[in-house]
Amino acid sequence: MVDYFRARRRLWAAVGLLVGLILVGWDLWVAAGTYISQYAVRNDFRLAYAAATVGSTNGYSHLYDLAAQKAAIESLGQGFNPQPFISPPPLAWLVTPLLLLPFQVAIVTWTVLLLAALCWTWYLLAPPGALVKAAHLTLLLGVFPVAFGVMVGQPGAWVAAAVATAWWLMRKDHLVWAGLPLSLIILKPQMAFLVPVCLLVSGHARTFGAWLAATLVIGLVALALLGPDGVTRYRDVLALTQTPAWDITRRYSISGPLGLGPILNVAQLAVVAVALLAAWRRRREGPEIPIAAGIAASLLATPYLGFQDFLMLIVAGWLVLRAGATSWQIALMVAGYALLQLVIVVLALPILAAEVLFLLSLLFQPRTRAAAVS
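Everything quoted here is computed from the prediction, not taken from an experiment.

(A) Quick peek at the overall build of the chain. For the chain, the count of helices and strands is 18 helices and 0 strands. Out of the 374 residues belonging to the chain, those deemed buried represent 50%. Put simply, of all contacts in the chain between residues at least 6 apart along the chain, 78% involve residues at least 24 apart. Here the chain has roughly 16,800 Å² of accessible surface; of this, 72% comes from carbon and sulfur atoms. Of the side chains in the chain, 23 bear a positive and 13 a negative charge, and the two mean positions are spaced by 11 Å.

Here it is, written out as structure tokens:
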């Protein structure tokens, strides 16, 4: 019987590897035909690079000066489309060292760093076993939201790596140190902003405290560099995201179908309550389920989300696998993976439904000890 289950596991891993390789090949083929020629001008890295340029040359109080951002983007060359940089200041700080490189070199370096962050996340979290790990790597890199995020230079890979590193440190009993990488959630908060709170509710107060202290330091430095004028500019830029022109950025969270208003607020509170309850039920246990619940709830509740941010669902799925996923959770994750691959076709509602079911399933997660760090 044991040999049977091992053989079946190897078979599924081989199938996963084959599917992942096909998807990676498809992504490369599509990119070669439609994207590589416009790689630089369509890459969101241009926004962070331009913002870092503005901060370095004009001062960080002008970081969210839209006219200065526009001039910095247009200075990169012909065909660069100016768009507002709305990410928190730490993303511009992270990109600042790359200003030492020509833009064309910097953008390739950034892409390599994103791939390295994804590989680090996979190395820490993917289930053990050579064939199984290989399958999960190709499935990670091949799924459309992840591949698209890398192609357009989205910083989500940094957040995924930060959460994975925090989990690894917690499993190594470095509970205070684990809070420090969690502070990198600030690079793209909508992807995991509820993770620290879920860890607190589940009894991991030291990790939460270290995250809070590090995040406060980052916030105070940002406020000091921006100054009153910079803060006002940032507030005005964020206000733009509440206009109809930005409705597309809400399509993949519950604010898409529900719109902005009291119904959305009630739904957001319900999502947060479910996540906190799932985390509370795992108090004094491993961090896998609280982190997974925090990720799922963050993606559902945020008012601003792109489909490339669904990378974090892969992270949450790996954590649930390590916690001992049930058969129907595995089936749900397989179906969810297929939906992510077809995200442009199926749009939001089926994915939102799968996310809700995934979050609800964490309420009834069996109380089994998570797999040790490999």
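And the narrative resumes.
(B) Summary view of the environment of Ile-344. Within the secondary structure, Ile-344 sits in helix H17 (residues 343-346). On the accessibility criterion, Ile-344 (48% relative accessible area) is partly exposed. Setting aside residues no more than four positions away along its own chain, Ile-344 makes contact with Phe-144 and Phe-307.

(C) Structural detail: the side chain of Ser-361. Mapped onto the fold, Ser-361 is located in helix H18 (residues 349-361). Within the local environment of Ser-361, its side chain forms a polar contact with the side chain of Gln-329, the two groups lying 3.0 Å apart. Apart from residues no more than four positions distant in its own chain, Ser-361 is found in contact with Trp-328 and Gln-329.

(D) Local environment of the packing of aromatic side chains. Applying the stated rule across the entire model yields 17 aromatic pairs. Note on Trp-110 and Trp-158: the rings are 5.9 Å apart at their centroids and 40 degrees apart in plane angle, and the pair reads as tilted. Within this pair, whereas Trp-110 is found in helix H5 (residues 103-125), its partner Trp-158 is found in helix H8 (residues 156-171), the two being separated by 48 residues in sequence. Here the aromatic rings of Trp-120 and Trp-168 are separated by 6.3 Å at their centres, their planes lie at 75 degrees, and the arrangement is edge-to-face. Placement of Trp-120 in helix H5 and of Trp-168 in helix H8 is noted, with a sequence separation of 48 residues between them. Overall, the relative accessible area of 35% leaves Trp-120 in the partly exposed class.

Reading the values: rules and limits
Residues numbered from 1 in each chain as written. Predicted model: local features only at pLDDT ≥ 70, side-chain atom pairs only at ≥ 80, totals over all residues. Heavy atoms only, no water. Helix = DSSP H or I, 4+ residues; strand = E, 2+ residues; numbered from the N terminus. Buried < 20%, exposed > 50% of the residue type's maximum accessible area, 1.4 Å probe, protein only. Contact = heavy atoms within 4.5 Å. Areas by Shrake-Rupley, 256 points an atom, 1.4 Å probe, with all protein chains shown as cover. Lys, Arg positive; Asp, Glu negative; His and termini not counted. Charge placed at Lys NZ, Arg CZ, Asp CG, Glu CD. Polar contact = N/O pair within 3.5 Å; in protein donor to acceptor, adjacent residues only side chain to side chain. Phe/Tyr/Trp six-rings, centres within 6.5 Å; stacked < 30°, edge-to-face > 60°.

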